[in-house]
Amino acid sequence: MAMLFIAGQWVEPAEGGTRDVINPFDGSVITTVAEASPADAEAAVQAARTAFDEGEWSSWSPGKRGELLLRMADLLQRDRAEIARLETLDTGKTLVESGIDVDDVTAVFRYYGELADKDPTRVVDAGSESVHSRVVYEPVGVCALITPWNYPLLQASWKVAPALAAGNTMVIKPSEVTPLTTVKMVELLVEAGVPAGVVNLLLGSGPAAGAPMVESPLVDLVSFTGGLRTGQAIMKAAAGTVKKVALELGGKNPNIVFADADFEAAVDYALMAVFLHAGQVCSAGTRLIVQDELHDDFVAAVVERAKRIKLGNGLDEGTESGPLVSEEHRAKVESYVELGLQEGARLLTGGNRPDDPELQNGFFYLPTVFDDCRRDMRLVQEETFGPIMTVERFRTEDEAIALGNDTDYGLAGAVWTGDTERGERVAAKLRHGTVWINDFGPYLPQAEWGGFKRSGIGRELGHDGLAEYREAKHIYRNLAPAPQRWFGG
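In this text, all values refer to a predicted model and were calculated from it rather than measured experimentally. (Residues numbered from 1 in each chain as written. Predicted model: local features only at pLDDT ≥ 70, side-chain atom pairs only at ≥ 80, totals over all residues. Heavy atoms only, no water.)

1. Some thoughts on the sheet that holds strand β15 (residues 368–371)
Strand order across the open sheet formed by seven strands is β14-β15-β16-β13-β12-β17-β18, with mixed pairing between neighbours. Looking at the sheet topology across the chains shown, the edges are occupied by β14 (346–349) and β18 (434–437). Averaged over all pairs of adjacent strands, the angle between their axes in this sheet comes to 20°, without regard to strand direction. Packed onto the sheet, helix α13 (residues 397–405) meets β12 (254–257), β13 (287–291) and β16 (388–394) and runs at close to 145° relative to β16. (Pairing = 2+ DSSP bridges. Helix = DSSP H or I, 4+ residues; strand = E, 2+ residues; numbered from the N terminus. Axes fitted to C-alpha atoms, helices over the stretch in contact; angles between N-to-C directions. Contact = heavy atoms within 4.5 Å.)

Structure (structure tokens):
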């Protein structure tokens, strides 16, 4: 049984709680893990606090921290096959996707391992030769890192790697639904040589394990990736101690296709944008927005291929898409399909569970496409986080931009066009943190990721992703102090 990791030791939970981890392919129990209580959360936060204030970690040079991250990258590749299998068992995604995730996580650790010793200190011109003024950057302190169930390993790396590079200590809480690869990550960090107390792991629910971290006065920063409502609750809870907060809260992402786009490429990417990992992707391009004169042929091609997507066990080579993560989540997706029908959207394919006998024990749902969608529909407004594509039409460039920005979110979006200047114009006007032109989905460790509006605050990856875990300090040195005689002189 996977246990909690606190102060450098694998320990049983204070109240003896456990939780079964379920395989979404067939509903079987993969393993049982410990379930943390508020007392465990308090102990983990205290361990991180002590390690930051009193442990050897504070004496490590940035270069030494970087070397640890690079060792971690090597270990991830060494155990790539094992980690990918764990990720597929836990999340249901295909083994190919999980392998790519491990490679992406490796790249993140390498990037921050190489960036760790790049001194960001800058000298400030104080306007006087007798003054030396500089701005230095120091670790924030103790970080509470709360990660989601859809990309448990990847999202953890986006937080853990920069937090360690900056010199922080941390408590990590993965989703209770998909904790297994985060446990493996902590095991590898220990093998890489992270000192006791620097990295602590809590397994359990948000109320029991997450909330005490967010509310603790010993925590200096909370980084959370997940749903909007939970993010709003975290902001409110963190306000009591005025700690730093970084949030990535999902999106409702437009994929805009002009009539002059490369037809085959745009169709192919439109499918991938929605149906990769069964649509359980914060940046999924679930809003397909197509120019009028292209609409009929384009949507027909999308639907024809969506009908042929092969569902199955993520461990099987021929599987193109796996199950949803849980029965509870499938029920949520089904409720959105029913809502879309009630709102007047036209169902073109999908809209139900598969009838394949081999899939009946898993949490599968067919790739679903709705046409004749309007912006006032909740199906179009809200993040369904499942294999549901909605189709909208536009006539002009200005209308496409207006539709693309007509959302409470602002995480990502794409524009497909053969006109280079148009692509740049539309990208410049879309209010989203990432915009792809004639592509959908790639990210780079060295490029910032995050959203506008209700998609969150702060950035992950890139230089700004490291800056989230640092505090700026101004040091002003007077080289020739002399009496000023303001008073009584």
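2. With respect to the side chain of T368
Structurally, T368 can be placed in strand β15. A distance of 2.8 Å separates the side chain of T368 from the backbone oxygen of L366, its partner in a polar contact. Filtering out sequence-adjacent residues up to four positions away, T368 remains in contact with F275, L347, T349, G350, G351, P387, I388 and M389. (Polar contact = N/O pair within 3.5 Å; in protein donor to acceptor, adjacent residues only side chain to side chain.)

3. Concerning helix α10 (residues 292–306)
Along its 15 residues, α10 runs 21 Å from first to last C-alpha, staying within 8% of the 21 Å computed at 1.5 Å per residue. Its maximal kink placed at F298, α10 deviates by approximately 25°. Those residues of α10 that fall on the buried side of the exposure criterion are L294, H295, F298, V299, V302, V303 and A306. On the buried face of α10, the contacting elements are β12, α9 (263–275), β13, β14, β15 and β16. (Expected span 1.5 Å × (residues − 1). Bend = angle between axes of the 7 residues up to and from the residue. Buried < 20%, exposed > 50% of the residue type's maximum accessible area, 1.4 Å probe, protein only.)

4. Here we look at the packing of aromatic side chains
Scanning the model with the defined rule gives twelve aromatic pairs in all. Aromatic pair F258 and F394: ring centres 5.0 Å apart, planes at 75°, arrangement edge-to-face. With F258 in the loop between β12 and α9 and F394 in strand β16, this pair connects stretches of sequence that are 136 residues apart. Of the residues examined, F394 reaches a relative accessible area of 0% and is grouped as buried. Chaining the aromatic ring pairs together yields one cluster made of W158, W436, F440, Y443 and W449. Above the plane of the ring of W60 lies K64, whose end atom (NZ or CZ) is 4.3 Å from the centre. The residue whose ring lies beneath K93 is Y151, and the NZ or CZ to ring-centre distance is 3.7 Å. (Phe/Tyr/Trp six-rings, centres within 6.5 Å; stacked < 30°, edge-to-face > 60°. Lys NZ or Arg CZ within 6 Å of the ring centre and 35° of its normal.)

5. What about the pairing of β15?
Each regular strand displays side chains that alternate between the two surfaces of the sheet. Taking every second residue as pointing to the same face, both faces of β15 are buried, with T368 and F370 on one and V369 and D371 on the other. In this sheet, β15 lies alongside β14 in antiparallel orientation, the contact comprising three bridges. Among the inter-strand pairings, R346 is bridged to a residue of β15, identified as D371. Bridge count for β15 against β16 is three bridges, and the pairing is parallel. Pairing of V369 across the sheet is with M389, part of β16.

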